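If you want the building blocks of each chain, they are given just below.
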Amino acid sequence: MSTIDGTTAGPSSGTGPRGVPNLKGRSRPAERVIVAGLIASAGLSVVITIAILVALVEPVIEFFRQVSVSEFFATEGRFAVIPLVTGTLTVTLIALLVAVPIGLGAAMYLSEYASKRTRKVLKPTVELLAGIPSVVYGFFALFFVTPRLLQDLLNMQVNFTNLLSAGLILGVMIIPTIASLAEDALTAVPQALRQGSYAMGANRMQTTLRVVLPAAISGVAAAIVLGMSRAIGETMIVALAAGAQKNMTLDIREGAQTMTGFIAQTAGGENPVGSVEYNMLFAVGLLLFVITLVINLISITLVRRYRQEY
Amino acid sequence: MASATSADTFPQMGSLGDVHMSGERRLPASPVNPVMETRDLNVFYGDFHAVHDVNLSYGRHEITAMIGPSGCGKSTVLRCLNRMNDLVASARVEGEVLYHGQDVYEKSVDPIAVRTHIGMVFQKPNPFPKSIYDNIAYGPRVTGMKVDNMDDLVEEALRGAALWDEVKDKLKQSAYGLSGGQQQRLCIARTIATRPDVILMDEPCSALDPIATARVEDLMLELRNEYTIIVVTHNMQQAARVSDRTAFFTARPDETTGNRTGLLVEYDLTSTIFSNPNDKRTEDYISGRFG
C-alpha cells in the first residue's frame, strides 16, 4: 500500500502536492454491515424479553378483572398464589444449600488444587451433569431419592412427593452450572496475585480463600445467581418430585406445588383460552419473572457494594 | 566444558589489604558469613536445563545484583532462593540453596516457612484487590505473626517503603487506585511487614517510569541497612547505581539441542565488574557489545 508511506505516495486524488499522503477516510461498507449485524444480535435478546413481557401483560390485566388482587395474593383459595411462591422458594433454598457449597468446592478444587491432567478429565465430567435431561432427574428424585435415600436409608417420614427430594435433586442439577462458571472466574484471576500471596508465606487455602476468591467474587456471584435462576425456573423436577398439590407449608417432608409446576399442570390444554385458569397462568408467569428479576437485581447490588470496599 | 565454569572466575578471598570500594562502602572481596549461598545449583524445566552449576554467596546487608541477557537464568536462580519455583510443576532443582547454612530444598523444610523469612517483590506490581491497609496486613495475618497493634505495623511498613505520607489518608481505599510506582512500593511495604530477613526483587523497576524507578532505587539503598537484598535487573545502570556486588550470567547454547542453558560468568564487587571485569564476556556485555 503505497499510500501508507508518505514519501512514496502519489496524491491519489491528484489535487495535493507531491509527497503529501492521502489521509481521507474511505468508506467501508462491509464493516457497516457487520456492525449492523452485531447490533441486531445484541438487540434481539432485549426485543424478545420485552415481547414476552408484553405478551404476558394482556392476559394478566384480563385476569385481574376476573379475580381481585387480594384473592390472588392469598394463602388459600382457588386462585391463591402464595402457596406456590413458598413452594418455589423452599425448593430453591434447599437447592442452593446443596449446590453452593458443592459447586464452589468443586470450582476451588479444579482451579486451585487439581493438576492439569485431573482438571482435563474432571471438568468435562462435572459439566456432563448439566446434559442430563431434567425429566430424568425428576424420576431419580421420585423413585430413588425419596424411597431409597430418604425413607429407607435415613428413615425419614416423608411423603411420596416432597419438597426435600425435589430441592436436593434441583441442587444436584445446578451444581455443574455453579461449578463450571465459578471455576472460570477463579481461573481468570491473574497468576501474579497467587504468586504474591505465596511469596508472603501464605499457604494454598489462605491464597484461595483470601486472595483468589475475593478477586473473583463478581464472577462467582454471577455463577450462583445463574444457578439460582435455573432452580427457580426449573419445571420438570418439581412437577414430578414436589407434587401437583397446592400446599401452604414450610415442612419439607410434605409435597407442595411450585409456580412452575402449576404452570405446567394448568397449561395442559383443558383450560379454554380466556378462562380464569388460562389467564391465571400468565399472572403466575409474570410473578415468576418479577421474582427472578428482583433476586438478580439484589445480587448485582450486593456484589457491587462488596466490590466497592476494595 | 569446564573452562567456563564460574568457580575459576571467582575472586580469591581477599587479604586485609585487598579491600575494595563500592560506592561509599568498603566491602571485603567476597561476602563474609553470607546469608544465602547456592552451591552447584542446577535447575531443569522438564528436560530443559535452565541453569548450570551456579555458585554464589549473598552478603548480609548488601545488595547483590544479578544481571545478564534474557534467558540467562538469573530469574530462575532468584526464584530458587525462596522456593517460588515450586509453583512450576515441571521445575527440578539440584544442588544446594543454603540459608544460614540450612538447605531450603531439604525434605523437612516447609517452603511456606522459607518464604516468611525470604520475601519477594515481583516484576509487575501485584497488589491484592484489597485496601492499602489490608494489603499490608495480609502477610502478618496469614503467617500468624504476633502483632500488638496492626495499625502501627501498617504505618511502620508504609514508612519503611517511603509511602506513608502519600497514602496515610486513604488506607481504606483500593490499592488499585495507586500509580504503578506507588503500587510497587506498596508491594515492598507488604513484604517488609512480615519482617523478612532477605528481600528478593525480580526486575522491580522494569514496569516503572524513570522517576518511580529512582524512588524505588533510593528505597533499596535505605532498606539495605536492615535487610539483605538480592535483585535481578535488566538495567545495568541500575545494578551499577544500587548494588554492592554483581553477578553476571550468560546463556550458552547446547551443542546438540540448541537449548540455552544459563550459567554464572563472573561475580565480584560491582565496582570491579563495571570498571575492570575479568571475563571478556562480561566486558562485552557491560560495554554494550553483546546482549
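Conventions adopted
Residues numbered from 1 in each chain as written. Chains lettered and ligands numbered in written order. Predicted model: local features only at pLDDT ≥ 70, side-chain atom pairs only at ≥ 80, totals over all residues. Heavy atoms only, no water. Helix = DSSP H or I, 4+ residues; strand = E, 2+ residues; numbered from the N terminus. Buried < 20%, exposed > 50% of the residue type's maximum accessible area, 1.4 Å probe, protein only. Polar contact = N/O pair within 3.5 Å; in protein donor to acceptor, adjacent residues only side chain to side chain. Contact = heavy atoms within 4.5 Å. pLDDT = per-residue confidence, 0-100. Pairing = 2+ DSSP bridges. Salt bridge = Lys/Arg side-chain N within 4 Å of Asp/Glu carboxyl O. Patch = residues over 30% accessible without salt bridge, like charges linked within 9 Å, V, L, I, M, F, W, Y side chains within 5 Å. Areas by Shrake-Rupley, 256 points an atom, 1.4 Å probe, with all protein chains shown as cover. 1 Å grid on protein atoms, 1.4 Å probe; cavity = no way out; pocket = protein on both sides within 12 Å on 5 of 7 lines; lining within 4 Å. Points joined across faces, edges and corners; volume = space filled by probe spheres on them. Nonpolar A, V, L, I, M, F, W, Y, C, P; charged D, E, K, R; others polar. Core = buried A, V, L, I, M, F, W, Y, C linked by side-chain atoms within 4.5 Å.

**Q** Before we move on, can you summarise the side chain of S111(A) with the specific residues and values?
**A** Residues and elements named next belong to chain A. Checked against the element boundaries, S111 lands in helix α3 (residues 82-113). Overall, S111 belongs to the buried group, its relative accessible area being 10%. A polar contact is formed between the side chain of S111 and the side chain of E112, at a distance of 2.6 Å. Those residues in contact with S111, other than ones at most four positions away along the chain, are R119, E183, L186, T187 and R194.

**Q** How would you sum up the confidence of the model for chain B? Please name residues and give values.
**A** Residues and elements named next belong to chain B. Here chain B averages 87 in pLDDT, and 91% of its residues register 70 or above. Mean pLDDT values for the elements of chain B range from 43 in strand β1 (residues 20-22) up to 96 in strand β10 (residues 228-232). Note on the complex model: pTM 0.81, ipTM 0.85.

**Q** Tell me about the pairing of strand β11 (residues 245-253) of chain B, and please be specific about residues and values.
**A** All names here are of chain B. β11 sits mainly inside the fold: 7 of its 9 residues count as buried. As judged from the 4 bridges shared by strand β5 (residues 63-67) and β11, these two strands associate in the parallel manner. Bridge pairing in β11 places T64 opposite R245. One ladder, built from 9 bridges, connects β11 with strand β12 (residues 260-269); its direction is antiparallel.

**Q** Give me the lowdown on the pattern of salt bridges, citing residues and values where you can.
**A** Per the stated rule, a full pass over the model turns up 25 salt bridges over all chains. Here E112(A) makes a salt bridge to R194(A), at a shortest N to O gap of 2.8 Å. Of the two residues, E112(A) is situated in helix α3 and R194(A) in helix α7 (residues 191-199); the sequence distance between them amounts to 82 residues. The exposure class of R194(A) is buried, given its relative accessible area of 6%. Put simply, R83(B) and D86(B) hold a salt bridge, and the shortest N to O gap is 2.9 Å. Among the residues examined, D86(B) registers a relative accessible area of 32% and is labelled partly exposed. Connected through shared salt-bridge partners, R119(A), K123(A), E127(A), E183(A) and D184(A) make up one network.

**Q** Explain a nonpolar patch on the surface to me, using residue names and the numbers behind them.
**A** Residues I132(A), V135(A), V136(A), F139(A), F143(A), F160(A) and M236(A) make up a contiguous nonpolar surface patch of roughly 610 Å² in combined accessible area. By secondary structure assignment, the location of V136(A) is in helix α5 (residues 134-153).

**Q** Please set out the layout of surface pockets residue by residue, giving values where relevant.
**A** Within this model, the largest pocket holds a volume of roughly 770 Å³. Lining the largest pocket are 24 residues, with E112(A), Q191(A), R204(A), L87(B) and V88(B) sitting closest to its centre. Of all the secondary structure elements, the ones that give two or more residues to the lining of the largest pocket are α3, α4 (116-128) and α7 of chain A together with α2 (111-117) of chain B. Of the residues assigned to the lining of the largest pocket, the class counts are 10 nonpolar, 6 polar and 8 charged.

**Q** Run through the interface of chain B and chain A, naming residues and quoting values.
**A** Across the boundary between the two partners, chain B contributes 28 residues, which contact 19 residues of chain A. The tally of links between chain B and chain A comes to 0 salt bridges. The interface formed by chain B and chain A includes 4 residue pairs in polar contact (both at pLDDT 80 or more). Where the side of chain B that touches chain A is concerned, the elements lending two or more residues are α2, β8 (118-121), α3 (132-142) and α6 (180-193) of chain B. Here the side of chain B that touches chain A gets 4 residues from one element, more than from any other, and that element is α3(B). Residues that form the side of chain B that touches chain A fall into these classes: 12 nonpolar, 10 polar and 6 charged.

**Q** Can you lay out the nonpolar core for me, pointing to particular residues and giving the numbers?
**A** Among the nonpolar cores identified, the biggest contains 66 residues, and F72(A), L170(A), I174(A), L186(A), V220(A), M259(A) and V284(A) are the most heavily contacted of them. No other element matches helix α6 (residues 163-187) of chain A, which puts 12 residues into this core. Once residues within four sequence positions are removed from consideration, I174(A) is found in contact with A95(A), L96(A), A99(A), G227(A), M228(A), R230(A) and A231(A). Among the nonpolar cores identified, the runner-up in size contains 46 residues, and Y133(B), L186(B), A189(B) and L223(B) belong to it.

**Q** Run through empty space enclosed by the protein, naming residues and quoting values.
**A** All names here are of chain A. If you walk through the whole model with that rule in mind, you get 2 cavities of 30 Å³ or more. By volume, the second largest cavity amounts to about 30 Å³. T88, V91, A231, I232, E234, V238, T258 and T260 together form the lining of the second largest cavity. Those elements giving two or more residues to the lining of the second largest cavity turn out to be α3 and α9 (217-233). Residues of the lining of the second largest cavity, tallied by class, amount to 4 nonpolar, 3 polar and 1 charged.

**Q** Can you explain the pairing of strand β3 (residues 36-45) of chain B? Please cite residues and give values.
**A** Residues and elements named next belong to chain B. In this structure, β3 lies alongside strand β4 (residues 48-58), joined through 7 bridges in antiparallel fashion. Looking across to β4, one finds that M36 is bridged to Y58. Linking β3 to β4, which pair antiparallel, is a turn of 2 residues; within it G46 sits at a positive phi near 60 degrees. In this structure, β3 lies alongside strand β6 (residues 91-99), joined through 8 bridges in antiparallel fashion. What sits directly across from N42, in β6, is E94.

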